[in-house]
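If you want the building blocks of each chain, they are given just below.
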Amino acid sequence: MKFILLAFCIGLALTVSWPSATKTITKTAPITVKAGQTFDGFKENSNKWVRYERGVKNLGDCSNVEGGQRDAVFLLEKGATLKNVILGAKSIEHVHCISDGCTVQNVYWEDVCEDALTFENGKSTSAQFFVKGGAAKNGSDKIIQHNSAGTVYIDGFTCENSGKLYRACGNCKSGYQGKRTVYLTNVTAKNVKAIAGYNRNFGDKVIINNLNSSGGHVCRAFQGRNDGKEPTALGYACDTGYVKSCTCS
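The rules behind the values
Residues numbered from 1 in each chain as written. Predicted model: local features only at pLDDT ≥ 70, side-chain atom pairs only at ≥ 80, totals over all residues. Heavy atoms only, no water. 1 Å grid on protein atoms, 1.4 Å probe; cavity = no way out; pocket = protein on both sides within 12 Å on 5 of 7 lines; lining within 4 Å. Points joined across faces, edges and corners; volume = space filled by probe spheres on them. Helix = DSSP H or I, 4+ residues; strand = E, 2+ residues; numbered from the N terminus. Nonpolar A, V, L, I, M, F, W, Y, C, P; charged D, E, K, R; others polar. Core = buried A, V, L, I, M, F, W, Y, C linked by side-chain atoms within 4.5 Å. Buried < 20%, exposed > 50% of the residue type's maximum accessible area, 1.4 Å probe, protein only. Contact = heavy atoms within 4.5 Å. Phe/Tyr/Trp six-rings, centres within 6.5 Å; stacked < 30°, edge-to-face > 60°. Lys NZ or Arg CZ within 6 Å of the ring centre and 35° of its normal. Salt bridge = Lys/Arg side-chain N within 4 Å of Asp/Glu carboxyl O.

## Considering the layout of surface pockets
Leftover empty space is mapped by rolling, across the atoms, a probe with the size of a water molecule. Here the largest pocket is characterised by a volume of approximately 930 Å³. As for the largest pocket, its lining consists of 38 residues, and the residues nearest its centre are E114, K142, Q145, N147 and N171. Counting residues per element, the ones that place at least two in the lining of the largest pocket are β14 (142-146) and β16 (158-168). At three residues, β16 tops the list of elements feeding residues into the lining of the largest pocket. Tallied by class, the residues present in the lining of the largest pocket amount to nine nonpolar, 17 polar and twelve charged.

## As for the nonpolar core
Formed by 54 residues in total, the largest nonpolar core has its most connected members in F74, L76, W109 and I154. Ranked by residues supplied to this core, first place goes to strand β18 (residues 188-199) with five residues. With sequence-adjacent residues up to four places away left out, F74 is seen in contact with I31, V33, F39, Y52, L82, V85, L87, H94, V95 and H96. Core analysis: the second largest hydrophobic core is formed by seven residues, V16, W49, I86 and A135 among them.

## Considerations on the packing of aromatic side chains
Between two aromatic rings, the relevant description is the distance of the centres plus the angle of the planes. Within the structure shown, the criterion is met by ten aromatic pairs. Geometrically, the ring pair formed by W49 and Y108 is edge-to-face, given 5.4 Å between the ring centres and 85° between the ring planes. Of the two residues, W49 sits in the loop between α1 (41-44) and β6 (51-53) while Y108 sits in strand β10 (residues 102-109), which places them 59 residues apart along the sequence. Grouping residues by exposure puts W49 and Y108 together as buried. Seen in terms of ring centroids, F130 and Y153 are 5.2 Å apart; in terms of plane orientation they differ by 15°. Their pairing is stacked. Residue F130 is found in strand β12 (residues 128-132), and its partner Y153 is found in strand β15 (residues 151-155); the two are separated by 23 residues along the sequence. Classification of F130 as partly exposed rests on a relative accessible area of 25%. Over the ring of F222 we find R167, and its NZ or CZ is 4.0 Å from the ring centre.

## Here's the deal with the environment of K190
In this fold, K190 is placed in strand β18. Each C-alpha atom, one on K190 and one on T158, is 8.2 Å from the other, the two residues being 32 residues apart in sequence.

## Let's talk about the pattern of salt bridges
Applying the stated criterion to the full structure yields five salt bridges. Measuring nitrogen to oxygen at the nearest pair gives 2.7 Å for the salt bridge that ties E110 to R51. A residue pair is termed long-range when its members are at least 10 positions apart, and E110 in the loop between β10 and β11 (117-119) and R51 in strand β6 qualify at 59 residues. The class of E110 is partly exposed, set by a relative accessible area of 22%.

Printed below as a string of structure tokens:
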């Protein structure tokens, strides 16, 4: 099934054609994709779209739900790739990249609980994380959570009805806490409160090119912390009129 994206300027509809799952696979523990390996949902399932989830029911909007690695559907080790899968609603966590770098390609989140995709445990400032294509919707808080060091590249992604598309960790108490960079290219957002949250005091940088957005803000700045307490919101950036390309830092 081809991914079809129709994006229009602010004030008009932004729609995405979602793939339909031919079946659902429910796992009792995370699927670990080993370092440098690829999990391709098409190859695993006779070139058909399949939904993966953990079978957790009655999650509501997940505004009061906290999860971790043990709750994820997929764990990606260093350099691992996850592609061509659908993530279902019955999961507290969905995908965790647990080292210095991974690739997530053509992955679709039907209903995000706490976070759709988390980058964590990576401490190398040269680490690279790639999100290529795909889409996510209905995330009450964040879609992509960047806790590791390094740079995130998000290209051709669509986000709908969510709090933030991307958030650089603002209160990581252990592990890495410092400058993070994200490139968002050819991103489409509909009813997203803020495209990216970043920490001004840590030197975070958000580079946006070819944004198609309907509603919400572009960048939200924070005063980050490293003690686990909530960061302080400082306001918004790149919000003058309809912004297609800009840098927030």
